[in-house]
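Examining the three-dimensional arrangement
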Amino acid sequence: MASDTPKASGQAEPPRLLLVTRSPPYGSSLARSALDTALAAAAFDMAPALLFLDHGVLQLLPQQEGAASETRSHGKVLDSLPLYDIDRIYVDAAALLHFGLQDMPLPAAAEVVDSTGIRALLEGCDHILSF
Amino acid sequence: MLGADAFDTEGFLRHLKDWSPAVAEQIASDEGIALDEAHWEIIYLLRDYYTEFDSSPAMRPLVKYCAAKLGADKGKSMYLLSLFPGSPARLGSKIAGLPKPENCL
Amino acid sequence: MILHTLNASPGSTAFDHCLAQVAADDGLLLMGNAVYAALANAPALARLRATGARLHVLEDDARTAGVTPQMSEDVLAIDFDAFVALSEQHARQVAWF
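Residues numbered from 1 in each chain as written. Chains lettered and ligands numbered in written order. Predicted model: local features only at pLDDT ≥ 70, side-chain atom pairs only at ≥ 80, totals over all residues. Heavy atoms only, no water.

Looking up chain C in an unreviewed UniProt entry gives the name Sulfurtransferase complex subunit TusB, with the organism given as Parahaliea aestuarii.

If you look chain B up in an unreviewed UniProt entry, it shows as Sulfurtransferase from Parahaliea aestuarii. Taken verbatim from the UniProt record of chain B, the Function (unreviewed entry) comment is "Part of a sulfur-relay system." (UniProt positions renumbered as here; feature names shortened; annotations may be inferred.)

**Quick look at the interface of chain B and chain A**
With 16 residues of chain B in contact, the opposing surface of chain A contributes 19 residues. The contact between chain B and chain A buries some 1,500 Å² in all, and 48% of this surface belongs to carbon and sulfur atoms. Viewed at the interface, chain A and chain B are joined by 5 salt bridges. Where Asp85 of chain A meets Lys64 of chain B, a salt bridge forms, and the shortest distance between an N and an O atom there is 2.4 Å. Between chain B and chain A we count 11 residue pairs in polar contact (both at pLDDT 80 or more) in total. Sorting the residues of the side of chain B that touches chain A by element identifies helix H2 (37–53) and helix H3 (59–70) of chain B as the ones contributing at least two each. The residue inventory of the side of chain B that touches chain A, partitioned by class, reads 7 nonpolar, 4 polar and 5 charged. (Contact = heavy atoms within 4.5 Å. Buried area = accessible area lost by both parts, 1.4 Å probe. Salt bridge = Lys/Arg side-chain N within 4 Å of Asp/Glu carboxyl O. Polar contact = N/O pair within 3.5 Å; in protein donor to acceptor, adjacent residues only side chain to side chain. Helix = DSSP H or I, 4+ residues; strand = E, 2+ residues; numbered from the N terminus. Nonpolar A, V, L, I, M, F, W, Y, C, P; charged D, E, K, R; others polar.)

**Digging into the nonpolar core**
If you look at the biggest cluster of nonpolar residues, it comprises 89 residues, and the most contacted ones within it are Ile95 of chain B together with Leu6, Tyr36, Leu48 and Val67 of chain C. Looking at which element gives the most residues to this core, the answer is H2 of chain B, with 8 residues. Ignoring anything within four residues of it in the chain, the contact list for Val67 of chain C reads Leu61 of chain A together with Val35, Tyr36, Ala38, Leu39 and Ala62 of chain C. Among the nonpolar cores identified, the runner-up in size contains 10 residues, and Leu18, Leu51, Tyr90 and Val113 of chain A belong to it. (Core = buried A, V, L, I, M, F, W, Y, C linked by side-chain atoms within 4.5 Å. Buried < 20%, exposed > 50% of the residue type's maximum accessible area, 1.4 Å probe, protein only.)

**Focus on the interface of chain A and chain C**
Listed by partner, the interface residues are 21 residues for chain A and 18 residues for chain C. Across the chain A/chain C interface, buried area totals approximately 1,500 Å², and carbon plus sulfur atoms make up 53% of it. Between Arg63 of chain C and Glu65 of chain A there is a salt bridge, with its nearest N and O atoms 2.8 Å apart. Summed over the shared surface of chain A and chain C, the result is 5 residue pairs in polar contact (both at pLDDT 80 or more). When its residues are assigned to classes, the side of chain A that touches chain C shows 10 nonpolar, 9 polar and 2 charged.

**Quick look at the environment of Gly27 of chain A**
Residues and elements named next belong to chain A. Along the chain, the position of Gly27 falls in the loop between strand S1 (17–21) and helix H1 (30–43). When its relative accessible area of 81% is taken as the criterion, Gly27 is described as exposed. Linking Gly27 and Val91, residues 64 residues apart in sequence, is a C-alpha distance of 21 Å.

**Quick notes on helix H1 (residues 21–30) of chain B**
Because an α-helix packs 3.6 residues into every turn, residues spaced three or four apart end up facing the same way. Residues and elements named next belong to chain B. Residues of H1 that are buried include every one of Val23, Ala24, Gln26, Ile27 and Ala28, and no others. Buried residues belonging to H1 abut H2 and helix H5 (88–95). The positive-phi residue at the C-terminal boundary of H1 is Gly32, with phi of around 75 degrees.

**Some remarks on the packing of H2 of chain B against H3 of chain B**
All names here are of chain B. Across the interface, H2 lies against H3 with an axial gap of 11 Å and an inter-helix angle of 105 degrees. Relative to H3, the element H2 lies roughly perpendicular. Of the residues in H3, those touching H2 at Glu41, Ile42, Leu45, Leu46, Asp48, Tyr49, Glu52 and Phe53 are Pro61, Leu62, Tyr65, Cys66, Lys69 and Leu70. Of the residues contributing to the contact of H2 with H3, the split by class is 10 nonpolar, no polar and 4 charged. (Axes fitted to C-alpha atoms, helices over the stretch in contact; angles between N-to-C directions. Parallel < 35°, antiparallel > 145°, perpendicular 65-115°, else oblique.)

**Remarks on the packing of helix H1 (residues 13–21) of chain C against helix H2 (residues 43–51) of chain C**
All names here are of chain C. Put simply, H1 and H2 touch, their axes get as near as 9 Å, and they point 25 degrees apart. Our classification of the angle between H1 and H2 gives roughly parallel. Judged by the twist between their axes, the crossing of H1 over H2 is left-handed. Residue-level inspection shows Phe15, Asp16 and Leu19 of H1 in contact with H2, the latter providing Ala44, Arg47, Leu48 and Thr51. Class assignment of the residues belonging to the contact of H1 with H2 gives a composition of 4 nonpolar, 1 polar and 2 charged. (Left-handed = near helix turned anticlockwise from the far one by under 90°.)

Rendered as structure tokens:
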């Protein structure tokens, strides 16, 4: 995280934060870092929007069994996002197609976005963190 | 009684499977809390949360989860603070044998 | 006969390089982030089938990823013992990651 400071407006409105997560859930710690950052930001009343891009869509597969690899289930932690008031979730349409996951059930709050929609998300926030 | 090496440096149980109601009593006693029915209800709720979400809750999700499972009267910070003073998510998780909440600020 | 152990996601260069080298009498084992190629609707699966190689997936990795419930029947899920047996059946083994 760079030296992000709240908007200089002096108003109480928190900065709009977008987290872009492009990694699969296992095999590296990046996806987990994105999720931990999201939960921490939410605890600061800055519930971020989450954009699942590229391999990031693989985090959304249902029925992940973390126990099979003695790790925590990334999918189960994602299930807790509504309790953290994180309810803006965007999913890369092209990536779903690439992995043959276009029929996969998505979180209730999720919205599938195309390239134009992704651009709009990037423009519509104050800070972007990529994982 | 579990030995000191069953706990990490902050007093959280290292392994979920080591937990039992007796261990909860032991941890609570170290924290100066005498467990009653109201405590146990939250302790088991925390363990349910962990089973469902593979993580210990921060305060906000704990309050919401309590409201959803136990009703609006108990889904309040004040109620949880009265049972587990200071930091209910942290202290409750500790007594419930869960890992320390990572986003508990 | 070569056993290819593939631990790279569909769309990565390692995945593509591996597929370019797989022959019909080879064995292919998907593990780590390659398990997503075993999803029944994955475009990558069609490319795996086209190689003619026997397709395997490491069961624990597939279950962890949530792939097992939607896995293609053309891919055989194996445990570590079967992995060892598979290694013994092939004179050479190459790891792609």
